[in-house]
Amino acid sequence: MKRHPVLLVAASVIATVIGVQTLGCGAARSARSIAAEQVYVPPGELDKYYGFLSGGQSGSVFVIGVPSGRLIREIPVFEPRAAYGYALLESDPRRQLLESTGGLWGDTHHPMLSEKGGIFDGRYLWINDLANGRLARIRLDRFEADRIIKLPNLQGAHGIAVVSPDTKYVVVNGEFEQPTDGMVTNPAPYTSVVAFVDPESMEVKFEVRVNGNIDIADTSKDGRYAFSTVYNLEQGKDMGSMIQYDRDAVAAIDIPAAEAAVAAGKGEVRNGVPILDPAEVTGILTLIPVPKNPHGVNATPDGRYVIASGKLSPTVTIIDAHTLQIVAEPEVGLGPLHTTFDNRGNAYTSLFLDSQVVKWNIDKAVAGADDYIVDRINVHYNIGHLQAVGGDSMKPAGNYLLALNKLSKDQYLPVGPDLPENQEIIDISGEKMKMLAAFPTPPEPHDATFLEASVLEPIVQQVYTPGEDAVVAGQESVVRTGPGSVQVNMTLLRSAYTPDSFEVREGDEVTLKITNVETIRDMIHGFALPDHGFNMALPPGDTQVRTFKAGKPGVYWFYCTNFCSALHLEMRGRMVVQPKDSVITLTDWHSGANVAGQVVPGVPSTGASQ
Ligand code: CUK
Ligand code: CUA
Ligand code: CA
């Protein structure tokens, strides 16, 4: 946004005057050091909270520590990531899953934690892929995506929410409307659906039709309603026609009523999912008129209200979460997008155009008092989401708020035409908000949620429990399984590959099964194979299988990519690729002796001539 130059000058003059005459340089520094101390986590100490940031067009989830803002982990979800050996090779089941559900990238927006009794229980985190209509579940004992589903009958999976208080469903809004009949039979009207997904089986149980671009989602704290903002009630197909009405809507889906309709066999089944049409099944959908092209919708922690942000209106609309009546529509500033909460009855709304967070008192706004605005703080710049610790649960902490800003402009060293995004940590424990610290991130966090570290302490696993298919130390083998195929069963232990060499022929289909037999946390070994397009990273106890085609004849040194010991650099081995029709005998990796065909402990060789 543009600052008013006069105000800016005035503010800096005042600051200078105060700085010189009353506070002095030392005092100014001390305000800085107080802020610094609030986010300083000394080496060896841990952050109090996990922060989960969507990775936007990075297709992943970023995990930070709060209050330090330190990046602890990136969880790859919808895109291949070489560093974690994630989804790189065709034969990686995770890559197959991505390819079969919509492709090798995603646009993640809203991380949502599982709840028990309205409090985050640390089991799962869900994340949407707007671009390809997908929903992923991350299990937090491993910080790993364990389920990815394609949502049928919708496009643009945008707003998601878990149904409070016990995660009965994960709700996903299809933002981009589709022809009602699922076909391109113009002029069929367009529509979209809200999907209700079972959190355990990840099956879509039912969908409810809603017209007009359903955007952001939340649910009432008692599990009765799923709320969505609808910004294109006009059902326009271009921008100009999407901004005709002064009021669009918040859609409230009555979940028990929808469940009863599904149980009664109502709804047309398409792609295996019953779709309820509110025009035919009455009583499942209420449209609450709110101004104008609304964006965020957020339920208050006490469950009394749900608050819709106007986006093109300087107001938020406060809706009674039980009666669905509008109780107030206070002005908050320009471009309100999202709202979060503290534990003292205050709401914090992001103002995209004003580049501010505005703090306002909910009861005062509902009562129509003049002084409902408590404070404003400038952010840098053009804030999208904001989230306070626990502000999206029934137990807000009321201490830190994260501003997720779309632009960083002058905040960091310039790195070319493209600058990083900017996150800012704000202290909300007092009456006035205090800016504490900022940190840049890769593109592009949309939303965040926080989890107390102590919740995950008993949950997070130290090592993988080796599966039944694991390769056991001492039972490694190289097996020629057919004329054109070889199976290598390998183990990893500091700092050696067993076997540390194997021979194949050009064009052989090589199936490589590797188990990391380490039992110590974080003792990861990698397997990088030059010129074959993949790397693996195996945490302790993990088993991975990859199948690939052996390349041109030559010696390929595979090596460990994760520094693991003083002999890490020596953790290497050879894949020897013989010419296709080679009559040269291959070598037994046990004895080093030349044998016909490939060495097959316990299994007959198929012979070199084949
Ligand atoms: S949307 Cu990005 S700023 Cu996807 Cu939550 Cu509001
Ligand atoms: Cu194993 Cu480095
Ligand atoms: Ca509109």
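Residues numbered from 1 in each chain as written. Chains lettered and ligands numbered in written order. Predicted model: local features only at pLDDT ≥ 70, side-chain atom pairs only at ≥ 80, totals over all residues. Heavy atoms only, no water.

A. Quick look at the coordination of the calcium ion (ligand 3). For the calcium ion (ligand 3), the full set of protein donor atoms is Tyr-231 (O), Glu-234 (OE), Glu-234 (OE), Met-242 (O), Asp-248 (OD), Asp-248 (OD) and Asn-293 (OD1), and the range of their distances to it is 2.4 to 2.6 Å. We note that the donor set of the calcium ion (ligand 3) lies within a single chain, spaced as Y-x2-E-x7-M-x5-D-x44-N. Placement of Met-242 in helix α3 (residues 239–242) and of Asn-293 in the loop between β18 (285–291) and β19 (297–299) is noted, with a sequence separation of 51 residues between them. (Donors = N, O, S within 2.8 Å, 3.2 Å for Na, K, Ca; no water. Helix = DSSP H or I, 4+ residues; strand = E, 2+ residues; numbered from the N terminus.)

B. Quick look at the packing of aromatic side chains. In this structure the tally under the stated criterion is 14 aromatic pairs. With centroids separated by 4.8 Å and ring planes inclined at 25°, the aromatic side chains of Phe-527 and Phe-558 adopt a geometry described as stacked. Of this pair, Phe-527 sits in strand β37 (residues 525–529) while Phe-558 sits in strand β40 (residues 554–559), and the two are 31 residues apart along the sequence. Using a relative accessible area of 0% as the deciding quantity, one classes Phe-527 as buried. Of note, Lys-237 hangs over the ring of Tyr-190, and the distance from its end group to the ring centre comes to 4.4 Å. Over the ring of Trp-557 we find Arg-572; its NZ or CZ atom is 4.8 Å from the centre of that ring. (Phe/Tyr/Trp six-rings, centres within 6.5 Å; stacked < 30°, edge-to-face > 60°. Buried < 20%, exposed > 50% of the residue type's maximum accessible area, 1.4 Å probe, protein only. Lys NZ or Arg CZ within 6 Å of the ring centre and 35° of its normal.)

C. Quick look at the site of ligand 1. By nearness alone, every residue bordering ligand 1 is listed as His-109, His-110, His-158, Ile-216, His-295, His-338, Gly-384, His-385, Lys-406 and His-446. Residues belonging to the shell around ligand 1 are distributed by class as follows: 1 nonpolar, 8 polar and 1 charged. (Near = heavy atom within 4 Å. Nonpolar A, V, L, I, M, F, W, Y, C, P; charged D, E, K, R; others polar.)

D. Structural detail: the layout of surface pockets. Its volume calculated, the second largest pocket comes out at about 540 Å³. Residue assignment for the lining of the second largest pocket shows that the elements contributing at least two residues are α1 (5–39), β26 (373–378) and β30 (434–441). Counting residues per element, the lining of the second largest pocket draws most heavily on α1, at 6 residues. Among the residues making up the lining of the second largest pocket, the classes are represented as 8 nonpolar, 2 polar and 4 charged. (1 Å grid on protein atoms, 1.4 Å probe; cavity = no way out; pocket = protein on both sides within 12 Å on 5 of 7 lines; lining within 4 Å. Points joined across faces, edges and corners; volume = space filled by probe spheres on them.)

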